[in-house]
Amino acid sequence: MSRLSKELLYLVLQYLHEENYKETVHRLESESGRFLNVKYIEELVKKGEWEALERYLSGFISVGENRYSLKILFEIRKQKYLEALERKDRVKALNILNQELKVFQPHNDALFKEMTLLLTLGDIRENALLSKYTDNNTARLVVIEEIKKLIAMSPELREKSQFPSVSSSRLRQLVNQSLNWQHQLCKFPKANPDMTTLLVDHTCGPSNAAHAPPHSANHQFVGPIPRPGFHPPMQQPEAQFLFTATRGQSSVNTPALTCHPNIGGDLVLATHSNGAAEPELVLKRARPLRVPEEIRSIPSLSVSRPNHGVNFLASEELPTNVITLINQGSNVKSLDFHPEYQTLLLVGTDMGDISLWEIGSRLRIAHRSFSVWNVRSCSFAFQAFLGNHQPVYVNRVKWSPDGLFMGVAYSMHVVHVFSYHAGQELKDHLEIEAHVGSVSDVAFSTQEQSVLMITCGEDRTIKIWDTATGARQHILEGHDAPIYSILPHYKANIKYILSTAMDGKIRVWLYDEAGPRIEYDAPGSTCTRLAYNSDGSRLFSLGTSNDGVSFLVEWNESDGNVKQSYSGLTGKHSPGSVHFDIAKRFLAVGDNFCIKFWDMDKQNQLTSTNADGGLSATPCIRFNKDGVLLAASTADKGVKILGNAEGYRLVRSIENQSESRRVVSGAVAKPSTSTTFVGSNSAAGASVGTSEIRTPSPAVPTPNQDSQNMSVVRSRGVDELVCSAVWTPKEITEPSELRSMRLLDNLVEAPIVKLLYTNTGSGVLALAYNAVHKLWKWQKTEQNPTGNATTEEAPRMWQPTSGILMINDIRDVDTDTAVPCLAISKNNSYVISSSGGKVSLYNMTSFKTLTSFIDHPPAPTSLVFNPQDNNIIAIGLADCTIQIFNIRLDQALQKLVGHQKFVTGLAYDIDKKILVSSGADAQICIWNTENWEKVTSKYLNIPFRRNNNPSPETRVYFNLDRTRLLVVHESQIALYDPENLEFLMQWFPQQACGSITDAVYSCDGEYVYVSMEDGSVNIVTSIWLKLTCRITSAAYLPPKLSAIKVCINAIAAHPLNPKQFALGISDGGVYVVEPLESEKDWGSECDEKVVGTSENPVAVEP
């Protein structure tokens, strides 16, 4: 069912309800399955009309559909059964049990047997669970509440239970509007039309045409008599025609017919300039062209355009002064500024990569190279293309209107959608094989509460997608050549799409599959791109013909003809190579190694700039939202940022804030390419830890001097991107501020040294100092239907019936110097572990030791399973080597040599075919898993004052999309690029907390949980390494233990719940910690908006 059909159904339901057709409206609700009327369900339950209730619900749910449907039907039939027993109608009860409740027996056989036993009782209250059963009416109220809860828990039922917000008598309003419009199209309209039927279109007969008085503002026609409470709309939109020139037809240039309200609220026809109505001309204009009503009702906004006199200096308003330069590293193909944060620039290149830049500090926030996320789901044609290793480049990058998504159209088949929230990491959202061949353009449009993505391509189609789910909604077909560009727009609440093709055809579409509504030709049959001005009232296009001639024009939307052409384009270019953009009242075009500007109201070129030279022949250009900054691509694979005085102040304000954050004891650190250690801000109160980045030296030329105080300039881009330097993170110090649980332990308590969640999230595995493994498992219950780890229900310590334990071999092992290690296989079946002696492989269910290997010395110091083969493990050893070991064959396959001290961290990236290792020497190495050669290595930058332990452990972890490598050391956590081990940034804790004992990514990659020597936990944002929350030991430890000094030896993150983590404590306890239910996240609201420029993860030379 199409969206319009669904909405029509809602209007019909509203009409039936208003007309009090109760039985009909509920029957239609059930048969259509579109609206679940909770109030009607409540009425039926209160009355005990169980058969009617099930008939109604049959349109929405069934027993085998899902667990919510199953539970709803069970509650209804259970209550029906209990009421029959309450009435002592055992025959009826037996029928209900055998015919209606028996279907639930496979789901809970014990419960069914217990319900069967109720037949043997004289009073159902003799059953312990029903001892508090009062009466049927009270029980029905309980059933109502239970059904409401289940509906709210089911996403599908919850959506269907919400009737859309619709004005009263909406269907009648639409009928009246239709009748009014039909009357406007009458050839001989009467002053007082007689509208008596809806079954055929209304027409006024010609018999009284001669007597019809001329139309004027004082003559009105009367529509159908409205029902009580219904009021016709006060004003009809102006009937303005959009692009009425269609193939093979010419338009008639006539004034638009306009409707005005009178005092009574009915519609009257406006007169034309000569005082008389001209309905015949309007008829000729409208009917032969068959322009749809949706398009005809789009108004053309009347915009006053003052005559800009000589006193206005346009050059001061234009962004023509070079402010800064960004080195992208490859040729730029597309640019787009963020719609809200005005110094965030998205760049797409001819190498298929995209970058997100904060131009105020010239820092690259994010970078993605082109890769297919899921090759197996691709078509054979696309897989064949990938197999040929042909280059893929970016055709278009585009932000969604809300700035939460970015779309990237590539030169072959695919569109990628990324999600981005300020201060958080760029996330992969959708990969869509959108078109066969090149995807030419991508755009976004809002429809009610959803965001739609629109794509076009070489296959001559336009496709509309739901940005949230990736579901395709429409395919628009009708072009005869590959489509070059698309432009969604709306006027008078009518939303439509303009598209241009390589043959110069321009078409207009609605959001349906009824084909193009309008078609016309671009000047010179050019390959054209379209753009509206900022208020959406004027349409412009720039196109280049096959002869290399470019046309910059404004369109007359009333007749689809060119309103004016702009002169000054001189270069000869290939089709589609010239870029233009619009800001305020200016047009800008990249042409002939420079940027040319026009005033919209004047045909001659206003001015131009070569941006101090170095621009490409046809530079790609883009204004920011306010038009104070202009980005332009350069010939040397960079981007120049131009600005006016306001744009310069905007950029400088961010640079100044970035500089102020480098202040240490009142001195500003010298900008250089070397690292600088940044102290904590004393104004922030307690020290909360610091970040370190590499910052390029700014070299920004000063444009025109301006006496305006820079501090007065305010912009959302500045205020929201950079939080105040005196902001402090959230401190959690009381047990009431979070939820925590200590897991019950019936074994001998010993300090926990390693801790992991099972991969399903339903268990926690700990390795103690005494080499004993402890496993806790949560069970599925009514309160915990998923069976995942939670603080709301206590788990039970798992032990097999045999009573055996998983204990590592620690004979002849000095446990004080041993380095314990632990890993779980991907399928949750096996555990490999060592406590300084042999490596043991255990069965997770039976706890049986399947095998042991690697006789010490050298002792194992780190372990990791190969993600693709549980039989292959990598073992770091105390002799500074790494063994690649095959468990099934019981032999070492490879020995890797490269560390100077024992290896303490290992991590695989199967896609990149690398193994990353780290050691007590603070060295990080990357190994190629195909030939096992060392690719590169780098030493962690450790300040001498922080390195108290001569051989501290160093561990490594990949983030969720494996684009960053987290390195954990007792002195710091640091981020590296795993491709080349390029240092990105590092974070140091405050010294009062002691050393870092462990750290791990949250499962969604948003946070890094860092455990400290003093028992506290620091929660750091993963992209900026900015401390967002600090949890002291007093918040999760019981009062009697909080006064005792304890240390967190291990920390683990839940694999499914990103806000939950577990702690292994030196007193032998294991704690599960998560935020309060009322808190949506760790930390404060400021974190969600922070993009601290001094804490950006990547700094790239300008």
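Bear in mind that the values here come from a model prediction, so they are computed numbers and not experimental data.

**What about the sheet that holds strand β15 (residues 472-477)?**
- With antiparallel pairing, four strands are arranged side by side in an open sheet as β12-β13-β14-β15. Edge positions in the sheet fall to β12 (439-447) and β15, since each of these pairs with one other strand and no more. Averaged over all adjacent pairs, the angle separating strand axes in this sheet is 20°, with direction ignored.
- With five bridges connecting them, strand β14 (residues 461-466) and β15 associate as antiparallel partners.

**Side note on the sheet that holds strand β23 (residues 561-566)**
- Here four strands make up an open sheet; going across it, the order is β20-β21-β22-β23 and the pairing antiparallel. Of all the strands in the sheet, just β20 (527-532) and β23 have a single pairing partner and so form its edges. Neighbour-to-neighbour, the strand axes of the sheet open up by a mean angle of 30°, direction not taken into account.
- In terms of strand pairing, strand β22 (residues 550-556) meets β23 through five bridges, oriented antiparallel.

**Observations regarding unusual backbone geometry**
- With phi around 55°, A611 is a residue other than glycine that occupies positive phi space.
- You can see A611 is positioned in the loop between β27 (605-609) and β28 (621-623).
- The backbone of D812 shows a phi angle near 60°, a positive value even though the residue is not glycine.
- You can see D812 is positioned in the loop between β39 (796-797) and β40 (821-824).

**Details of the side chain of N644**
- Looking at where N644 falls in the secondary structure, it is placed in the loop between β30 (638-643) and α15 (645-660).
- For N644, a relative accessible area of 5% gives the class buried.
- A distance of 2.9 Å separates a polar side-chain atom of N644 from the backbone oxygen of E317.

**A short note on the packing of aromatic side chains**
- Taken as a whole, this structure holds 16 aromatic pairs when the rule is applied.
- Look at F74 and F104: their rings are 5.3 Å apart centre to centre, the planes differ by 80°, and that puts the pair in the edge-to-face class. One end of the pair, F74, is in helix α5 (residues 67-86); the other, F104, is in the loop between α6 (90-101) and α7 (109-117), with 30 residues separating them in the sequence.
- When its relative accessible area of 6% is taken as the criterion, F104 is described as buried.
- Measuring from ring centre to ring centre gives 5.7 Å for W373 and F418, while their planes differ by 70°; the resulting arrangement is edge-to-face.

**Examining the pattern of salt bridges**
- What the rule picks out here adds up to 49 salt bridges.
- Of the charged contacts, one joins E42 and K46 as a salt bridge, the two residues approaching to 3.4 Å between their closest N and O atoms. Of the two residues, E42 and K46 are both situated in helix α3 (residues 38-47); the distance of four residues between them amounts to about one turn of the helix.
- Residue classification places K46 among the partly exposed positions, given a relative accessible area of 43%.
- For the salt bridge of E317 with R585, the shortest nitrogen-to-oxygen distance reads 3.2 Å. Pair noted here: E317 is in helix α13 (residues 314-317) and R585 is in the loop between β24 (579-583) and β25 (586-591), with a separation of 268 residues, a long-range link. Taken individually, E317 and R585 each receive the classification buried, so the pair is uniform in this respect.
- Connected through shared salt-bridge partners, D480, K505, R507, E519 and D521 make up one network.

How each quantity is defined
- Residues numbered from 1 in each chain as written.
- Predicted model: local features only at pLDDT ≥ 70, side-chain atom pairs only at ≥ 80, totals over all residues.
- Heavy atoms only, no water.
- Pairing = 2+ DSSP bridges.
- Helix = DSSP H or I, 4+ residues; strand = E, 2+ residues; numbered from the N terminus.
- Axes fitted to C-alpha atoms, helices over the stretch in contact; angles between N-to-C directions.
- Buried < 20%, exposed > 50% of the residue type's maximum accessible area, 1.4 Å probe, protein only.
- Polar contact = N/O pair within 3.5 Å; in protein donor to acceptor, adjacent residues only side chain to side chain.
- Phe/Tyr/Trp six-rings, centres within 6.5 Å; stacked < 30°, edge-to-face > 60°.
- Salt bridge = Lys/Arg side-chain N within 4 Å of Asp/Glu carboxyl O.

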